[in-house]
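Tertiary structure, described
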Amino acid sequence: MSAKVRAFFPARGALGFSLPASFLLTLSLGIWCYMFIVARSTGTARIAAWIVFSGIMSLFFLLLRTGQVSKYRRVFFVAIALLFFPEFIAQLLETRGTMMLGAGEILNNDTPYCHIVTGVVFLPWLVTGKVVFPAGTGAIASMLIIWGTATLAIGRGWCSWACFYGGWDDGMSRLARKSRLKIGPANKKIRYFGFAMLAFVALASLGTLASVYCDWLCPFKIVTEFGAVDSLRSYAAFLMFVLLFFGLVIVLPFLTRKRFQCMSFCPMGAFQSLLGKLNLYRLRIDKDKCIGCRICSEACPTLSLSLPEESGGKRIPIVTSTCTRCGECMTACPNNAISFGYVFCRGKSLFGGWRERLEGRKGAAAAALRRITGTLDELLSAHALFVYSGFFIGMAFLSAFGTGTVNRLIRLVINGSFLLR
Amino acid sequence: MIQEGLLLGLSTGSFCAISCAPVAIPFVFSEKIEGWKQNAGLVGLMMLGRLVAYIGVGFLVGALGGYAVRYLDPEIQRRLLAVSNTLVGALMIASGLMHNFPGLKFCRKFKAVYRAGWGSFLYGVFTGLNICPPFFLAASRVFGKGDGLSGMLYFAMFFVGTSVYFIPLLGIHLFKDRLETIRMVARLSLILLGAYFLLFQGIFFGAAGRFK
């Protein structure tokens, strides 16, 4: 490829991909993205679909080419959260006329299933065979299929790539340049508080056969749906929701630059940590490149890089099960010692042996083969497939809600109304 | 009589275990357990506490006979449950704080009087007084007997039947590889569950007439 063409695209970063690999991966995701988002849309929805499509493709290409995983992932992730809620609330207002749940919806199991309660309802379901959440079988099954697939594909990466709630505190945790409330990576109690929350809400839900988290503790109730506020008990619950939302999702992430809600309060995050080992990818720290500077563990927004005890040598951080694979540590590492890897082949390239054999050979065929195997290595690398999977799952949520919000914004400009009915 | 109590316990004991799990599991995991003997000792004392509570209730309900109908009155039942939950919540918060913040003045004072064995026994008593549906059913069978001893015997057998569902608690020491992390999580969840029992299942539940 000529130098002029190359100069048109952003420079390749240390963890970035070559132009052919970046193009091929973007093209592949683009086909899926077109089918999910653009293909069946009409009218203003088609314009909205193309806007969302272009956004996703640009972010994905930039992420691949520059290797700045955390930066472009965050833009994508925050966009998922910000575009999800207006559409969700608007749909509620159009169908129900209010964000409040009525007794009818609860009794008829007519609410959308929220993935956060999966870990909460699991134990009562295991023991009693009943799901203590007022959603229908279809709603539960469809969300469990998406979540189960995502768990196999990206593990706890769900919390940084797909969850439409996580974008709130991820975005808030990066608004301030400096943390005003210091929380160090040595603080194990905060890191494991999420597991305590999971144990608490799962056991309390088992004891009462009700979803205690939804009844009292969900910070996202005020931006989705909540029970009717018509009694002293419901006023108290609503006050809890407001306080938890502003405290855990807005204020604490802003002050600490840590993802407080996802790290220490979300039962789904803890549940996902327990199941996270089921997927193929792990965060790898190259022990030769790592100088033990601990910048990565300070930068980690979920305190997931713990430091081993002082033993004279360099202190190489240990990646704990709470890692959400957000890529913040990769960006922070001055030596590019951190990357995604497969659980089955540590640091080896799949086609490295082939390239070594081709190394001494001359001629156009050998050069072409070297280039092809190099690109294949990039395409099949854990780094490429992980970010591809992350974007794919996030894109599925954007296709359902993001396009709707952009469409509503277009209609707002044209018709002056955010609601379609 | 003996058979009926035992069979009722065996057939409905899973509900008892479900009701007691939020208290029993975090407590047993939060204590420092070195081996199976210590684990069995703690679980045994908790079971003893449950047995004492069961026998006490069985005697009272059996002896009071027709008067015990008042005990089965939903309003009194709710208040008794609220008091029991408040006490168990307070105990959970206190022991959770003691484990997590040993430097605090209150925690130092509490630690001086706290013994794991007594704690275990008290948890057993409180969970034994937890009026779950099987417990309610057993009580309703006993109050017609008009005999305290028969009531005690019925509840003792009911206890034996329900205790089968607590056997898994004897295997906690098997998690020894991960016990340090699990213990930390259990100690934190003790505080959370304690606060939940104290506030929501205790105080708010007790004042439910006004908290609607």
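Below is a summary of the structure that appears in this document.

What counts and how
- Residues numbered from 1 in each chain as written.
- Chains lettered and ligands numbered in written order.
- Predicted model: local features only at pLDDT ≥ 70, side-chain atom pairs only at ≥ 80, totals over all residues.
- Heavy atoms only, no water.
- Helix = DSSP H or I, 4+ residues; strand = E, 2+ residues; numbered from the N terminus.
- Rg over C-alpha atoms; globule rule 2.2 N^0.38 Å.
- Buried < 20%, exposed > 50% of the residue type's maximum accessible area, 1.4 Å probe, protein only.
- Lys, Arg positive; Asp, Glu negative; His and termini not counted.
- Charge placed at Lys NZ, Arg CZ, Asp CG, Glu CD.
- Pairing = 2+ DSSP bridges.
- Phe/Tyr/Trp six-rings, centres within 6.5 Å; stacked < 30°, edge-to-face > 60°.
- Salt bridge = Lys/Arg side-chain N within 4 Å of Asp/Glu carboxyl O.
- Contact = heavy atoms within 4.5 Å.
- Buried area = accessible area lost by both parts, 1.4 Å probe.
- Polar contact = N/O pair within 3.5 Å; in protein donor to acceptor, adjacent residues only side chain to side chain.
- Nonpolar A, V, L, I, M, F, W, Y, C, P; charged D, E, K, R; others polar.
- Core = buried A, V, L, I, M, F, W, Y, C linked by side-chain atoms within 4.5 Å.
- Axes fitted to C-alpha atoms, helices over the stretch in contact; angles between N-to-C directions.
- Parallel < 35°, antiparallel > 145°, perpendicular 65-115°, else oblique.
- Left-handed = near helix turned anticlockwise from the far one by under 90°.

**Observations concerning the overall build of chain B**
A count of helices and strands for chain B gives eight helices and zero strands. Along chain B, from the amino end to the carboxyl end, the secondary structure elements read α-α-α-α-α-α-α-α. The C-alpha radius of gyration of chain B comes to 18 Å, within 12% of the 17 Å expected for a compact globule of 212 residues. With the principal axes as the frame, chain B shows a C-alpha extent of 50 × 45 × 30 Å. In chain B, which comprises 212 residues, the share counted as buried stands at 52%. One finds the centroid of the 19 positive side-chain charges in chain B at a distance of 8 Å from the centroid of its 8 negative side-chain charges.

**Remarks on the pairing of strand E3 (residues 281-285) of chain A**
All names here are of chain A. Counting buried residues in E3 gives five out of five residues, a clear majority hidden from the surface. Here E3 shows no split at all, with Tyr281, Leu283 and Ile285 on one side and Arg282 and Arg284 on the other all buried. Pairing between E3 and strand E6 (residues 338-342): five bridges, direction antiparallel. Looking at E6, one finds that Leu283 is bridged to Phe340.

**Describing the packing of aromatic side chains**
All names here are of chain A. Taken as a whole and judged by the stated rule, the model has 49 aromatic pairs over all chains. The interplanar angle of 90 degrees and the centroid separation of 5.7 Å between the aromatic rings of Trp161 and Phe386 together place this pair among those described as edge-to-face. Taken together, the positions of Trp161 in helix H8 (residues 158-161) and Phe386 in helix H20 (residues 382-415) put the pair 225 residues apart, joining distant regions of the chain. Accessibility expressed as a relative area gives 0% for Trp161, which makes it buried. Ring plane angle 65 degrees and centroid distance 6.1 Å describe the contact between Trp161 and Phe391, whose orientation is recorded as edge-to-face. Of this pair, Trp161 sits in helix H8 while Phe391 is found in helix H20, placing the two residues 230 residues apart along the sequence. Comparing Trp161 with Phe391 shows no difference in burial state: the two are buried. Joined through ring pairs, the aromatic side chains of Phe84, Phe85, Phe88, Trp158, Phe164, Tyr165, Trp168, Phe220, Phe245, Phe246, Phe397 and Phe401 make up one cluster.

**A look at the pattern of salt bridges**
Residue and element names in this part refer to chain A. Under the counting rule described, the total for this entry stands at 10 salt bridges over all chains. Between Glu225 and Arg96 there is a salt bridge whose closest N-O contact spans 2.8 Å. Remark: Arg96 occurs in the loop between helix H4 (69-95) and strand E1 (100-101) and Glu225 occurs in the loop between helix H12 (212-217) and strand E2 (226-227); sequence separation between them is 129 residues. Note on Glu225: relative accessible area 7%, which makes it buried. Where Arg259 meets Asp169, a salt bridge forms, and the shortest distance between an N and an O atom there is 3.6 Å. Of the two residues, Arg259 is situated in the loop between helix H13 (232-256) and helix H14 (260-264) and Asp169 in helix H9 (residues 166-172); the sequence distance between them amounts to 90 residues. The residues Arg259 and Asp169 share a single accessibility class, namely buried.

**Quick notes on the interface of chain B and chain A**
Each partner contributes residues to the interface: chain B has 20 residues there, and chain A has 24 residues. Summing both partners gives a buried area of about 2,000 Å² for chain B against chain A, and 84% of it is carried by carbon and sulfur. The interface formed by chain B and chain A includes zero salt bridges. Linking chain B to chain A there are one residue pair in polar contact (both at pLDDT 80 or more). Of all the secondary structure elements, the ones that give two or more residues to the side of chain B that touches chain A are helix H1 (2-30) and helix H8 (179-206) of chain B. No other element matches the 10 residues that H8(B) contributes to the side of chain B that touches chain A. Considered class by class, the residues forming the side of chain B that touches chain A number 13 nonpolar, four polar and three charged.

**Considering the nonpolar core**
Core analysis: the largest hydrophobic core is formed by 169 residues, its most contacted members being Ile56(A), Trp158(A), Tyr213(A) and Leu217(A). Of all the elements, H20(A) adds the most residues to this core, at 13 residues.

**Regarding the side chain of Thr151(A)**
All names here are of chain A. Of note, Thr151 is situated in helix H7 (residues 137-154). Judged by its relative accessible area of 4%, Thr151 is buried. A polar contact is formed between the side chain of Thr151 and the backbone oxygen of Trp147, at a distance of 2.7 Å.

**Examining the packing of helix H3 (residues 44-66) of chain A against H4(A)**
Residues and elements named next belong to chain A. One way to put it is that H3 packs onto H4 with a least axis distance of 8 Å and a crossing angle of 170 degrees. Overall, the two elements H3 and H4 adopt an arrangement that is roughly antiparallel. In terms of crossing hand, the pair formed by H3 and H4 is left-handed. Two secondary-structure elements touch here, H3 through Ile56, Leu59, Leu62, Leu63 and Thr66 and H4 through Val69, Tyr72, Arg73, Val75 and Phe76. By residue class, the composition of the contact of H3 with H4 is eight nonpolar, one polar and one charged.

**Observations concerning the environment of Ala299(A)**
As for its position among the elements, Ala299(A) is in helix H16 (residues 295-299). Here the alpha-carbon distance between Ala299(A) and Thr42(A), two residues 257 residues apart in the chain, equals 44 Å.

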